[in-house]
Amino acid sequence: GAGVSQSPRYKVAKRGQDVALRCDPISGHVSLFWYQQALGQGPEFLTYFQNEAQLDKSGLPSDRFFAERPEGSVSTLKIQRTQQEDSAVYLCASSLVGTVQLYGYTFGSGTRLTVV
Amino acid sequence: LAKTTQPISMDSYEGQEVNITCSHNNIATNDYITWYQQFPSQGPRFIIQGYKTKVTNEVASLFIPADRKSSTLSLPRVSLSDTAVYYCLVGDIGRTSGTYKYIFGTGTRLKVLA
């Protein structure tokens, strides 16, 4: 597609519920990132994929957070047993190798998760 | 990873030139400087990136002094639609592997007034 697509756009979950957030990167983009953005703050890195390989998951806040990209395209961020502090916007970004210096990363519009 | 410092907020009027300065005293030799713009309910959008001296594109200019310990994003003749949060990021952008993870600060909230 023309841009990075994320779904759902909004998600309300009851505390303790599991959620799955989807990211469709731009076709052919090798690199894929997940970021978490709390209200009024800058995005914080969660994890990075190069194709299907998860090369960096140092930003995942706990073992309740899990991300996958099994075929090197679509990625899913899963949060188990959601807690109120998980409420945030979850952003996905992708890029082509070799073009970062020209175009940076392309971000999606995010999924706003509210845990009640 | 180099830490950046930028003003929390700025106000400007339509038609004025806006300069947002970012400090990055610990910038490393391989680090590039990148600026992103973020509107409410949207993801950040790449504006400009540079290594040294001056870079200009159709949207903005980026000025980087010789010591590279700071940089200035210049937005010419801003309009109301330029009201957004602007982030300065510094790091090795992994030009061949694209593996660099951006570290965002809190950004500068620019408000353009009529």
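Before going into details, it helps to say that this report is about the structure given with it. Small disclaimer: the values here were computed from a predicted structure and weren't measured.

Residue and element names in this part refer to chain A. Burial of strand E11 (residues 111-115) is one-sided: the residues Thr 111, Leu 113 and Val 115 facing one way are buried, the residues Arg 112 and Thr 114 facing the other way are not. Pairing analysis gives 4 bridges linking strand E2 (residues 10-13) to E11, with the strands arranged parallel. Paired with Ala 13 across the bridge in E11 is Val 115.

Here the focus is the packing of aromatic side chains. If you walk through the whole model with that rule in mind, you get 14 aromatic pairs over all chains. Here the aromatic rings of Phe 107 of chain A and Phe 104 of chain B are separated by 6.1 Å at their centres, their planes lie at 80 degrees, and the arrangement is edge-to-face. Of this pair, Phe 107 of chain A sits in strand E10 (residues 106-107) while Phe 104 of chain B sits in the loop between strand E8 (84-91) and strand E9 (108-113), on two different chains. The exposure classification of Phe 107 of chain A matches that of Phe 104 of chain B, with both residues buried. Between Tyr 36 of chain B and Phe 46 of chain B, the ring centres sit 5.8 Å apart and the planes meet at 80 degrees, which makes this aromatic pair edge-to-face. In this pair, Tyr 36 of chain B sits in strand E3 (residues 32-38) while Phe 46 of chain B sits in strand E4 (residues 45-50), placing the two residues 10 residues apart along the sequence.

So, about the sheet that holds strand E7 (residues 70-75) of chain B. Residues and elements named next belong to chain B. Sheet architecture is open: 4 strands sit in the order E2-E7-E6-E5, paired in antiparallel fashion. Unpaired on one side and paired on the other, strand E2 (18-23) and strand E5 (53-56) mark the two borders of the sheet. Pairwise comparison of adjacent strand axes, ignoring direction, gives a mean angle of 15 degrees for this sheet. Bridge count for strand E6 (residues 61-64) against E7 is 3 bridges, and the pairing is antiparallel. Looking across to E7, one finds that Leu 62 is bridged to Leu 73.

Further remarks concern the layout of surface pockets. Empty pockets left among the atoms are what a rolling probe the size of a water molecule brings to light. A volume near 520 Å³ is recorded for the largest pocket. In this structure, the largest pocket is lined by 26 residues; those nearest its centre are Gln 37, Leu 39 and Arg 112 of chain A together with Pro 40 and Ser 41 of chain B. Elements supplying a minimum of two residues to the lining of the largest pocket: strand E9 (88-95) and E11 of chain A together with E8 and E9 of chain B. Grouping the amino acids of the lining of the largest pocket by side-chain chemistry returns 12 nonpolar, 10 polar and 4 charged.

Rules used throughout
- Residues numbered from 1 in each chain as written.
- Chains lettered and ligands numbered in written order.
- Predicted model: local features only at pLDDT ≥ 70, side-chain atom pairs only at ≥ 80, totals over all residues.
- Heavy atoms only, no water.
- Buried < 20%, exposed > 50% of the residue type's maximum accessible area, 1.4 Å probe, protein only.
- Helix = DSSP H or I, 4+ residues; strand = E, 2+ residues; numbered from the N terminus.
- Pairing = 2+ DSSP bridges.
- Phe/Tyr/Trp six-rings, centres within 6.5 Å; stacked < 30°, edge-to-face > 60°.
- Axes fitted to C-alpha atoms, helices over the stretch in contact; angles between N-to-C directions.
- 1 Å grid on protein atoms, 1.4 Å probe; cavity = no way out; pocket = protein on both sides within 12 Å on 5 of 7 lines; lining within 4 Å.
- Points joined across faces, edges and corners; volume = space filled by probe spheres on them.
- Nonpolar A, V, L, I, M, F, W, Y, C, P; charged D, E, K, R; others polar.

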